[in-house]
Amino acid sequence: MAFSRPRFRSLRTKLAVLYAGLFALALVAIVAVTQVIVRHNARESVMAELAASGTVYDRLWALRQQSLAGAADVLARDFGFRSAVASGDAATIESALVSLRARARVRDAMVVDLEGQVIGAAGPLATAVSQLPFTLSAGRHDAVVVVDGQVYRVVLSPILAPTEIGWVVFALRLDSAEMRGLQKLSSIPLIATILHPDEAGHWVAADRSIAPDRGLDQLVAESSNARPLTTLSLPTGRAFALAKPLRGADGKVTAAMLIRYPTHLALAPYRPISVGIVIAGLLGLIAVVLGSGRLARGIAGPIAALDAAAQSLEEGTRAEVSIESGDEIGRLAESFNRMSAGIVEREHRITHLAFHDSLTGLPNRVSLRQALDQALARSAHNGDPIAVLCLDLDGFKGVNDTLGHPVGDALLKLIGLTLTTLAPDAFVSRLGGDEFAILLSGGFDVDRPRALAQSIVDSLTEPVQTEGHLIATGTSVGIALSPGDGRDADQLLKNADLALYRAKQDGRGVFRFFEPALDEAARRRRQIELDLRQALKCGQFELNFQPIVDLKRDRVGCFEALLRWHHPTRGLVSPVEFIPVAEETGLIVSIGEWVLHEACRAATAWPEHIRIAVNVSPLQFRNSGFQAIVLQALTRSGLAPQRLEVEITESVFLDGEENVVALLHRLRAMGVRVALDDFGTGYSSLSYLRSFPFDKIKIDRSFVTPVASDHSAAAIVRAIVDLATALHMETTAEGVEDAEQLSELRGQGCSSIQGYWFSRPLDAAAAGAYIAAEGVTLAA
């Protein structure tokens, strides 16, 4: 059967059972060894006592034999007795034997003559004795005979006259009385029994007290040459036993004397010692069990406390264990407490980082979302309004780019502190970058959102001092109110963002409340974005070309490529509607790349003196691969670089002048012409004209339209033309629609003209026909 290893759910029980088991095994071994030693000593003692008793018996028998021989000699020297034996006088012999029996105190005494006749006895004993003198070996005068189950020890003494004429024979019965006499001579209460073989050859007691037994047969057999001590299991109980063989006339073992000593009597003197050892063992075992339990509690108790504390820590509960000692367990408890404190501290730090912005220490987007959800839940019960204000900084990217991120980070910290100061009753959070959000809840004055937004705008309008820099910044704020602008967090945040977007569109530095129309505009923008991606994939774009007339040569000198989008369901979509969306989503990069390739490809069909002008958005210009795109468009189309004119606006310089100028120089090195579009509006700065030698300046239509009727407009156009001439740049006037404008511009020395007066934008086929006709008639 396989041994099943016990499993313990408690370390204390395991230790207690282990220690108690080990000590119990040790005590059992000690008791067992002690019992073996006691039994061995008892056996040795009994062996010595039994051997001594056997020796005493032999000596007593030798004395008895000597006494009987002496008595027989006295009778044998009597002349009358010898005469009676010689003459066969039985009566005289019988009379003498009676006297001899009395004197020797032997019941059976007889005379055997040379004829083997026995006088003084009859029956089986006489028969057994009649031939005994003739069979004894020389020198022997005694032997043991068994007659009818009785054992006799026979002693012979010769009758000399002077030669042997017979023998006086004594037969002593070895019965229970004889054995009791032997027992009385011993110092211990041994038991002596005479054995003789039965008809089957097994040794049995002459008094029938011991039945045939294999161990008894073996003991007698081994005793013929030695005196082994064995333990017999007899009907009277177990006993240590020793056999003394008794030999017959032929020298063989005819009978045996069994000397035994009951084991319970032999072990009796040692029993107090054994009992004492057992009691001591039991007491030791009890002490060991109690001690093991106490030891196990001492070891396992702190470990169990550590286990419970570890489970509590695993479940997220801070737990400490008491330190009750300075040993390894105590030091382990100290380490656990330090570890527990460290884990809790790290969890708190992680939790804080999960819900707070690491830079400003303000709650982050996740924390705002939770606070907004809770505020909305409370509002659903008590009806309190909720306001969400979203804001970001105007021109923050420029701060990072020009002053570095450390200054930008310091500015964000200052802004966070300012917002917290301005809105002590609100939940101020940083969403990321320069985006912040403020949550007003829990009941507030109806004008509080507007007043707070205005105070923020006013506060951030003033330049701020940080990291040794005076930074001019500003902010726009979008506001959404619940429940009117939304009943869930996503809706409120989205609408606040839409309001912020509107504020930025309205010139920045202002705040705007959300209006449903903003949501509709946002959805429309989103749909345009999706449609733009589809249009780019399905080829829904095409280019129109508006001629730019060279006034010096009175012919078309250039075509400006204009993007057109034919939507499958909306029809022709205005660039004013989709270009801003393309720029916001970044699609303008892909669309602009398509325009470049398509414009270059179309220009290859025109005469070599006609260039193609392509507008490039600031987003395209910030793309690091723009130069490669231009080169790829020229290479694929085979258009000469000098026939490509890239038109940029002054807004490309807002992200940094150095990189822009470097790119312009690389384009110029390729042979590509560069024109500055919409000059005179927006971020116009004459320093741009010094930074890069543009090939052409395009005068915005806002100056061209009134040029014939407004002297101030005419003066501005004249100044621009004179400036361009001084800088060796060409000029193109946009938006010419009548002859008066053309005449005035020609008179001021403008290089080229573009406008409806000559032609509206044409598709590729019409542009080709326009060139072929060369039907341009310039009115003077």
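All values reported here derive from a predicted model rather than from experimental measurement. (Residues numbered from 1 in each chain as written. Predicted model: local features only at pLDDT ≥ 70, side-chain atom pairs only at ≥ 80, totals over all residues. Heavy atoms only, no water.)

Quick notes on the confidence of the model for the protein chain
Part 1 of the argument: Summing up the model confidence of the protein chain, the mean pLDDT is 85 and the portion of residues at 70 or higher is 97%.
Part 2 of the argument: Looking at the elements of the protein chain, mean pLDDT is at its lowest for helix α22 (residues 686–691), recorded as 76, and at its highest for strand β21 (residues 611–615), recorded as 95.
Part 3 of the argument: Scored below 50 in pLDDT, residues 775–780 shows 10 contacts in the model against residues more than four places distant or in partner chains. (pLDDT = per-residue confidence, 0-100. Helix = DSSP H or I, 4+ residues; strand = E, 2+ residues; numbered from the N terminus. Contact = heavy atoms within 4.5 Å.)

Let's talk about a nonpolar patch on the surface
Part 1 of the argument: Judged by side-chain polarity, Val275, Ile279, Leu283, Ile286 and Leu290 come together as a nonpolar surface patch covering roughly 480 Å² of accessible area.
Part 2 of the argument: Residue classification places leucine 283 among the exposed residues on the basis of a relative accessible area of 55%. (Patch = residues over 30% accessible without salt bridge, like charges linked within 9 Å, V, L, I, M, F, W, Y side chains within 5 Å. Areas by Shrake-Rupley, 256 points an atom, 1.4 Å probe, with all protein chains shown as cover. Salt bridge = Lys/Arg side-chain N within 4 Å of Asp/Glu carboxyl O. Buried < 20%, exposed > 50% of the residue type's maximum accessible area, 1.4 Å probe, protein only.)

Here we look at the sheet that holds strand β5 (residues 164–173)
One key point about sheets: their strands pair by backbone hydrogen bonds, in either a parallel or an antiparallel sense.
Part 1 of the argument: Taken together, the five strands give an open sheet; going across it, the order is β2-β1-β5-β4-β3, and neighbouring strands pair in antiparallel fashion. Edge strands, defined here as strands with exactly one partner in the open sheet, are β2 (118–119) and β3 (142–147). (Pairing = 2+ DSSP bridges.)

Points about the state of the cysteines
Part 1 of the argument: Under the defined criterion, the tally for this structure stands at zero disulfides.
Part 2 of the argument: Unpaired in terms of disulfides, cysteine 750 finds its nearest cysteine sulfur in cysteine 558, a separation of 14 Å. (Disulfide = S-S within 2.5 Å.)

Remarks on the sheet that holds strand β17 (residues 511–513)
Part 1 of the argument: Pairing is mixed in the open sheet, where five strands are placed in the order β12-β13-β11-β16-β17. Only two strands of the sheet have a single partner each, and these edge strands are β12 (427–432) and β17. Direction aside, neighbouring strands of the sheet carry axes that sit 20 degrees apart on average. (Axes fitted to C-alpha atoms, helices over the stretch in contact; angles between N-to-C directions.)

Observations regarding the side chain of threonine 731
Part 1 of the argument: Relative to the helices and strands, threonine 731 resides in strand β25 (residues 730–734).
Part 2 of the argument: When its relative accessible area of 2% is taken as the criterion, threonine 731 is described as buried.
Part 3 of the argument: Reaching out from threonine 731, the side chain makes a polar contact with the backbone nitrogen of serine 751 at a distance of 3.1 Å.
Part 4 of the argument: For threonine 731, the contacting residues outside a window of four places in its chain are Lys696, Ile697, Ile699, Ile720, Val721, Ala724, Gly749, Cys750, Ser751 and Ser752. (Polar contact = N/O pair within 3.5 Å; in protein donor to acceptor, adjacent residues only side chain to side chain.)

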